[in-house]
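Commentary on secondary and tertiary structure
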Amino acid sequence: MTPAAARAARLRVALAFAAIWIIWGSTYLAIAIGIETIPPFVLAAARFLVAGGAMYLYARSRGAPNPTREQWKWAFLLGTMFFLVGNGVVVFVEQRVSSGLTALLVAMVSAWTAVIEWLRPGGEPPTAAVGLGIVLGFAGAALLLIPGEGATSVPVLEASLLAFSTFCWALASVLSRGARLPAETSMIAGAEMLAGGVALTLLALVSGEVGRLGEIRVSGASVAAFLYLIVFGSLVAFTCFAWLLRVSTPAKVSTAGYVNPMVAVFLGWAFHGEELTTRSLVASLVIIIGVALIITGRRASPAASPSGEHPISAQAQEA
């Protein structure tokens, strides 16, 4: 490889990392803007139906076979856990909780994943670094929720829903490693996003959001945020993510797990008027350090490889 080609390759990798760090971190702000005038479940359902359909068609155009019946069953199970529970709770919670605080609490998916991997049959106890990271992660989340001077406003219902959401995402991440899924990365993503989109559509119907669409005046900002979530949040960033899993290592790619919350907190404060208290800043630091310890402190696995990672579950919970 010539020096020019090597520089170009390094630039591509750097730009791809910037995409998964910044774009996925910015999706929390985009959701907050989108749900200002678009019902949250409608927003999420439309996003994943469109993005999933595009990814599915792309995979088929590349020659990927249609998933088998068993693969579709796994796609619907995991897609429901990832997108109905995972993303559906995020869009619901952001109606009352700031995008930055939501992102910080969502970062707890790393702690849940480490706990589930430990407690599952055949699981190994965490390393000292991972154990400390789990403790710090839950301590930081508790600091955000405990009432008192300088406390942040995270209602109990929303906090509980986010805890359940991150647990489900972590459980789906662990289950996905043994799931019978298509070989093509884009087909896995397309099938799971389509499944999640269908489940979210049913929720939007049952909750009455679809019936209220005729009474809503959607703002240009919400439309722009919705398009941003589809094009950049679900297609561009995911494509960069899947490519990085082939050319880099899972450990490096998973750094998005603690960069995304920092990006979300900053953007919410800078562009959406979200308050930053001393307590929230301290809690942010504690959670991010905890997530970093969990990600970097895992034991090396001889079976782990970029191509063997599940394309969605290897990432911290995407907004």
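What this report covers is the structure whose coordinates are included nearby. (Residues numbered from 1 in each chain as written. Predicted model: local features only at pLDDT ≥ 70, side-chain atom pairs only at ≥ 80, totals over all residues. Heavy atoms only, no water.)

Remarks on the overall build of the protein chain
Stated formally: Here a strand is any run of E in DSSP of at least two residues, a helix any run of H or I of at least four, and the numbering for each starts at the N terminus. We take the radius of gyration over the C-alpha atoms and set the globule estimate at 2.2 Å times the residue count to the 0.38 power. The cut-offs for exposure are 20% and 50% of the maximum accessible area for each residue type, with area from a 1.4 Å probe on protein chains only; residues under the lower value are buried, those over the upper are exposed, and the others partly exposed. Residue contacts are defined here by distance: any two heavy atoms, one from each residue, within 4.5 Å place the two residues in contact. To be clear on the numbers: accessible area is Shrake-Rupley with a 1.4 Å probe, and residue cover counts the displayed protein chains and nothing else. Counted charges follow a simple rule, with Lys and Arg positive, Asp and Glu negative, and His plus the chain ends left uncounted. Lysine's charge is taken at NZ, arginine's at CZ, aspartate's at CG and glutamate's at CD.
For the protein chain, the count of helices and strands is 12 helices and 0 strands. In the protein chain, the succession of α and β elements from N to C terminus is α-α-α-α-α-α-α-α-α-α-α-α. Whereas a compact globule of 319 residues would reach a radius of gyration of roughly 20 Å, the protein chain reaches 19 Å, a difference of no more than 12%. Across its three principal directions, the C-alpha atoms of the protein chain cover 55 × 50 × 50 Å. When burial is assessed residue by residue, the protein chain has 52% of its 319 residues classed as buried. For the protein chain, the share of sequence-separated contacts (at least 6 apart) that also reach a separation of at least 24 residues comes to 91%. When the accessible area of the protein chain is evaluated, it comes to approximately 14,400 Å², of which 68% is carbon and sulfur surface. In the protein chain, the 19 positive side-chain charges and the 15 negative ones have mean positions that sit 11 Å from each other.

Some words on the pattern of salt bridges
The cut-off we apply is this: By convention in these notes, a salt bridge is any Lys or Arg side-chain nitrogen within 4 Å of a carboxyl oxygen on Asp or Glu.
Across all of its chains, the model carries 4 salt bridges by this definition. Note that Arg96 and Glu158 form a salt bridge whose closest N and O atoms lie 3.3 Å from each other. With Arg96 in the loop between α3 (69-93) and α4 (99-106) and Glu158 in helix α7 (residues 156-176), this pair connects stretches of sequence that are 62 residues apart.

Some details on helix α12 (residues 278-296)
What counts here: A helix is expected to span 1.5 Å for every residue after the first.
Its 19 residues give α12 an end-to-end C-alpha distance of 27 Å, which sits within 8% of 27 Å, the value for a rise of 1.5 Å per residue. Every buried residue belonging to α12 is among Arg279, Ser280, Ala283, Ser284, Ile287, Ile288, Gly290, Val291, Ala292, Ile294 and Ile295, and all of these are buried.

A short note on a nonpolar patch on the surface
Just so we agree on the cut-off: Each patch is built from salt-bridge-free residues with over 30% relative accessible area, joining like charges within 9 Å and nonpolar side chains (Val, Leu, Ile, Met, Phe, Trp, Tyr) within 5 Å.
Taken together, the side chains of Leu49, Phe76, Val198, Leu202, Leu205, Val210 and Leu213 present a nonpolar region at the surface, about 550 Å² in accessible area. Top contributing element to the nonpolar patch by residue count: helix α8 (residues 185-206), with 3 residues. In this fold, Phe76 is placed in helix α3. By relative accessible area, Phe76 is classed as partly exposed at 38%.

Some thoughts on the packing of aromatic side chains
The line we're drawing: Aromatic rings from Phe, Tyr and Trp, taking only the six-membered ring of Trp, are treated as a pair when their centres fall within 6.5 Å; an angle between ring planes under 30 degrees marks them as stacked, one over 60 as edge-to-face, and anything in between as tilted.
Summed over all chains, the structure comprises 14 aromatic pairs. Ring centres of Trp72 and Phe76 lie 6.1 Å apart, and the angle between their planes is 50°; on these two criteria the pair is classed as tilted. Here Trp72 pairs with Phe76, and both are found in helix α3, just 4 residues apart, close to one helical turn. Ring geometry for Trp112 and Phe167: centres 5.4 Å apart, planes at 85°, overall edge-to-face. In this pair, Trp112 sits in helix α5 (residues 109-119) while Phe167 sits in helix α7, placing the two residues 55 residues apart along the sequence.

Some points on the packing of helix α6 (residues 128-145) against α12
As a reminder, the rule being used: Angles shown run from 0 to 180 degrees and are taken between the N-to-C directions of axes, each axis being a line fitted to C-alpha atoms and, for helices, limited to the stretch in contact. Roughly parallel refers to an angle under 35 degrees, roughly antiparallel to one over 145, roughly perpendicular to one between 65 and 115, and oblique to any angle outside these ranges. Two helices cross in a left-handed way if the nearer one is turned anticlockwise from the farther one by less than a right angle. They cross in a right-handed way if the turn is clockwise. Under the convention adopted here, Pro, Cys and the residues Ala, Val, Leu, Ile, Met, Phe, Trp and Tyr are nonpolar, Asp, Glu, Lys and Arg are charged, and Gly plus all remaining residues are polar.
With their axes 7 Å apart at the nearest point, α6 and α12 run at an angle of 160° to one another. Between α6 and α12, the angle is such that the two are roughly antiparallel. Regarding α6 and α12, the two cross each other, and that crossing is left-handed. Contacts between α6 and α12 involve Ala129, Val130, Leu132, Gly133, Ile134, Leu136, Gly137, Gly140, Ala141, Leu143 and Leu144 from the former and Arg279, Ser280, Val282, Ala283, Val286, Ile287, Ile289, Gly290, Leu293 and Ile294 from the latter. Across the contact of α6 with α12, the residue classes tally to 15 nonpolar, 5 polar and 1 charged.

A few points about the side chain of Thr113
The topology assignment puts Thr113 in helix α5. Dropping the residues within four chain positions of it, Thr113 is found in contact with Ala170, Val174, Arg177 and Arg298.

Observations regarding α4
Across the 8 residues that make up α4, a large majority, 8, are buried. For α4, the full list of buried residues reads Ser99, Gly100, Leu101, Thr102, Ala103, Leu104, Leu105 and Val106.

Here's the deal with empty space enclosed by the protein
To keep things clear, this is the line we draw: For each structure, a 1 Å grid was placed over the protein atoms alone; sets of points admitting a 1.4 Å probe that cannot get out are labelled cavities, open sets with protein on both sides within 12 Å along at least five of seven lines are labelled pockets, and lining residues have an atom within 4 Å of a point. Grid points are joined across faces, edges and corners, and a volume is the space filled by probe spheres set on the points.
One pass over the full model with this rule turns up 3 cavities of 30 Å³ or more. In this structure, the second largest cavity spans a volume of roughly 60 Å³. Forming the boundary of the second largest cavity are Ser98, Gly100, Leu101, Val265, Gly268, Trp269, Glu274, Glu275, Leu276 and Ser280. The set of elements that each furnish at least two residues to the lining of the second largest cavity consists of α4 and α11 (256-272). The greatest single-element share of the lining of the second largest cavity, amounting to 3 residues, is contributed by α11. Looking at side-chain class alone, the lining of the second largest cavity contains 4 nonpolar, 4 polar and 2 charged residues.

Quick word on the environment of Phe138
One can find Phe138 in helix α6. The spacing of Phe138 and Ala111 is 27 residues in sequence and 7.6 Å in space, taken between C-alpha atoms. With sequence-adjacent residues up to four places away left out, Phe138 is seen in contact with Met108, Ala111, Trp112 and Val115.

Section: the packing of helix α1 (residues 3-34) against helix α9 (residues 220-247)
In the contact formed by α1 and α9, the axes pass within 8 Å of each other and the chain directions differ by 150°. Between α1 and α9, the crossing angle belongs to the class labelled roughly antiparallel. When the axes of α1 and α9 are compared, the crossing they make is left-handed.

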